[in-house]
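Okay, here's what each chain looks like letter by letter:
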Amino acid sequence: MSPREESEVREIDRSPDLNMMKWKTVTAIFLLVVLYLVMGAAVFRWLEQPHESAQRLAILSQKLEFLSRNSCVNQSQLEELVKQVVSAIRSGVNPAGTLTNHSSLWDLSSAFFFAGTVITTIGFGNSSPHTDGGRIFCIIYALLGIPLFGFLLAGVGDQLGTIFGKGIARVEKMFVHWDISQTKIRVISTLLFVLFGCLLFVALPAAIFKHIEGWSALESLYFVVITLTTIGFGDFVAGGSEIEYLDYYKPAVWFWILVGLAYFAAILSMIGDWLRVISKRTKEEVGEIRAHAAEWTANVSAEFKETRRRVSVEVYDKFQRATSIKRKLSSDLGFSPGPDFTLPKKAALVNFNDELDRNGREAGLHGLMTPLARNGSLFMNGFDPERGEISVIEHLK
């Protein structure tokens, strides 16, 4: 394997790690979800628990009143009747009314609707299999049908995305002639797409269910949202009332669920694409900032080096001039030429010695700015050469 292929393989092996969410991020999201659940639990408890308590007291008072009016029925008989009613309701049978005017929950249209709720994972719960054979078949049917419906949902979502994408493109062409930025045009067209979808798949079905099922506007909207989000509590189900429905009503409801789920999937996909674009742009902007920071650091470093070089050259030039001045002074005083100036380790002034010899005083009288002090056989202008300081040194003749 060539080095290039090995590097590509290593990049492929590292790519899942790069895309993998860090544990800190997972922990933070988990804590956020738990906090959201606790908040929701507190709100639901505050809203629903008083209603539950009122209903419990109401049914208890009705049972006591029934027993007081009907002395021939004792409490155990009444409780047995209540248990049978509850069991019938859980089985999907409405115990109200007579048995002659009840529609079956397992006729062809109702069974088709139930099968649709299985593969869509909505599961309203108003009807469910109660036989062992039905439960075994439901398990196998769900395991095979859910992936199949997922492929169908993805295909329908792509087609809807394409259709709405073309509509958005046409809307954007209409706004291009106006003095509006491309970002605003994209936001406006997307909002129009979402609004049109909500009208088509949420508002219009809610109005239809309100008319057919006899629900209120809030109950109809509640059913639509709970259904298209695949929550499916089962407290409101289309086709579950004791009224005469057309044979194609429940299959039509299921096809509405299919298209509505595809629409919501397209919206979620679009939101995911937006988040990926925003993340990519953010990474590019961070990369540009880092590049600018590195360039600025390099420029500052280069300027610092250039300044240090210029200072070094200037100091060297000054020392060269000092050497020339020293040679000239030595020539004027009749001293023999000594070694050239070298760059010192440090520069610091020191005090003159208290005793200056005669030659040093004569040198000061002849124009030296700093009298020379004797140090053995050398003269120096107030500096100590042993400490590496700047000094004008000459051997005595």
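Residues numbered from 1 in each chain as written. Predicted model: local features only at pLDDT ≥ 70, side-chain atom pairs only at ≥ 80, totals over all residues. Heavy atoms only, no water.

Student: Explain the overall build of the protein residue by residue, including any values.
Tutor: Of the regular secondary structure elements, the protein holds 9 helices and 3 strands. Each helix (α) and strand (β) of the protein, taken in turn from the N terminus, gives the series α-α-α-α-α-α-α-α-α-β-β-β. Looking at the protein as a whole, 22% of its 397 residues are labelled buried. If you take every contact in the protein between residues at least 6 apart in sequence, the share linking residues at least 24 apart comes to 52%. Carbon and sulfur atoms make up 64% of the accessible area of the protein, which totals about 29,300 Å². (Helix = DSSP H or I, 4+ residues; strand = E, 2+ residues; numbered from the N terminus. Buried < 20%, exposed > 50% of the residue type's maximum accessible area, 1.4 Å probe, protein only. Contact = heavy atoms within 4.5 Å. Areas by Shrake-Rupley, 256 points an atom, 1.4 Å probe, with all protein chains shown as cover.)

Student: Tell me what's going on with unusual backbone geometry, and back it up with residues and numbers.
Tutor: Its identity as a non-glycine residue notwithstanding, Thr 121 has a phi of 60 degrees, on the positive side. Within the secondary structure, Thr 121 sits in the loop between α4 (108–119) and α5 (132–176). The backbone of Thr 230 sits at a positive phi, close to 60 degrees, despite the residue not being glycine.

Student: Go over the packing of helix α2 (residues 23–69) against helix α3 (residues 75–90), please, and point to the residues and values.
Tutor: Close contact between α2 and α3 brings their axes to 11 Å; oriented N to C, the two are set at 130 degrees. The angle between the axes of α2 and α3 places the two elements in the oblique class. Of the two elements, α2 crosses α3, and the hand of that crossing is right-handed. For the pair α2 and α3, contact is made by Lys 63, Phe 66 and Leu 67 and by Gln 75, Leu 78 and Glu 79, respectively. Of the residues assigned to the contact of α2 with α3, the class counts are 3 nonpolar, 1 polar and 2 charged. (Axes fitted to C-alpha atoms, helices over the stretch in contact; angles between N-to-C directions. Parallel < 35°, antiparallel > 145°, perpendicular 65-115°, else oblique. Left-handed = near helix turned anticlockwise from the far one by under 90°. Nonpolar A, V, L, I, M, F, W, Y, C, P; charged D, E, K, R; others polar.)

Student: Mind laying out the nonpolar core, listing which residues take part and the relevant values?
Tutor: Grouped together as the largest cluster of nonpolar side chains are 32 residues, with contacts concentrated most on Phe 209, Phe 223, Val 224, Val 253 and Trp 256. Of all elements in the fold, only α4, α5, α6 (182–213), α7 (217–228) and α8 (249–333) reach the threshold of two or more residues within this core. With 11 residues, the single largest contributor to this core is α8. Not counting residues up to four positions away in its chain, the partners in contact with Trp 256 are Phe 201, Pro 205, Phe 209, Phe 223, Val 224, Thr 227 and Leu 228. (Core = buried A, V, L, I, M, F, W, Y, C linked by side-chain atoms within 4.5 Å.)

Student: Just give me the short version of a nonpolar patch on the surface, but keep the residues and values in it.
Tutor: On the surface, Met 21, Trp 23, Val 26, Ile 29, Val 33 and Leu 37 cluster together into a nonpolar patch covering about 630 Å² of accessible area. Judged by relative accessible area, which is 55%, Leu 37 ranks as exposed. (Patch = residues over 30% accessible without salt bridge, like charges linked within 9 Å, V, L, I, M, F, W, Y side chains within 5 Å. Salt bridge = Lys/Arg side-chain N within 4 Å of Asp/Glu carboxyl O.)

Student: Hey, could you go over the packing of α5 against α6 for me, with residue numbers and the actual values?
Tutor: At their nearest, the axes of α5 and α6 sit 9 Å apart, and the two run at 135 degrees to each other. Compared by their axis directions, α5 and α6 come out oblique. As α5 runs across α6, the sense of the crossing is right-handed. Where α5 approaches α6, its residues Phe 164, Ile 168, Val 171, Glu 172, Phe 175 and Val 176 are matched on the opposing element by Gln 182, Ile 185, Arg 186, Ile 188, Ser 189, Leu 192, Phe 193 and Phe 196.

Student: Can you explain α2? Please cite residues and give values.
Tutor: Given a rise of 1.5 Å per residue, 47 residues ought to cover 69 Å, and the 66 Å separating the end C-alpha atoms of α2 matches this to within 8%. At Glu 48, α2 shows its largest bend, some 35 degrees, and a proline, Pro 50, comes one to four positions later. (Expected span 1.5 Å × (residues − 1). Bend = angle between axes of the 7 residues up to and from the residue.)

Student: Could you give an account of the side chain of Thr 120, naming the residues involved and the relevant values?
Tutor: Take Thr 120: it is sitting in the loop between α4 and α5. One polar contact links the side chain of Thr 120 to the main-chain carbonyl oxygen of Thr 117, over a distance of 3.4 Å. Sequence-distant contacts of Thr 120, defined by excluding residues within four places in its chain, comprise Phe 149, Thr 230, Trp 254 and Leu 261. (Polar contact = N/O pair within 3.5 Å; in protein donor to acceptor, adjacent residues only side chain to side chain.)

Student: Before we move on, could you go through the confidence of the model for the protein and cite the residues and values that matter?
Tutor: In the predicted model, the protein carries a mean pLDDT of 76, and 75% of its residues have values of at least 70. Mean pLDDT across the secondary structure elements of the protein bottoms out at strand β3 (residues 394–395), with 41, and peaks at α7, with 93. Here residues 340–397 scores under 50 on pLDDT; set against residues more than four positions off or in separate chains, the count is 104 contacts. (pLDDT = per-residue confidence, 0-100.)

Student: Any chance you could break down the side chain of Lys 250 for me, citing the residues and the numbers?
Tutor: Turning to its location among the elements, Lys 250 is positioned in helix α8. At 2.7 Å, the side chain of Lys 250 and the side chain of Ser 110 are in polar contact. Dropping the residues within four chain positions of it, Lys 250 is found in contact with Ser 109, Ser 110, Phe 113, Ala 238 and Gly 239.

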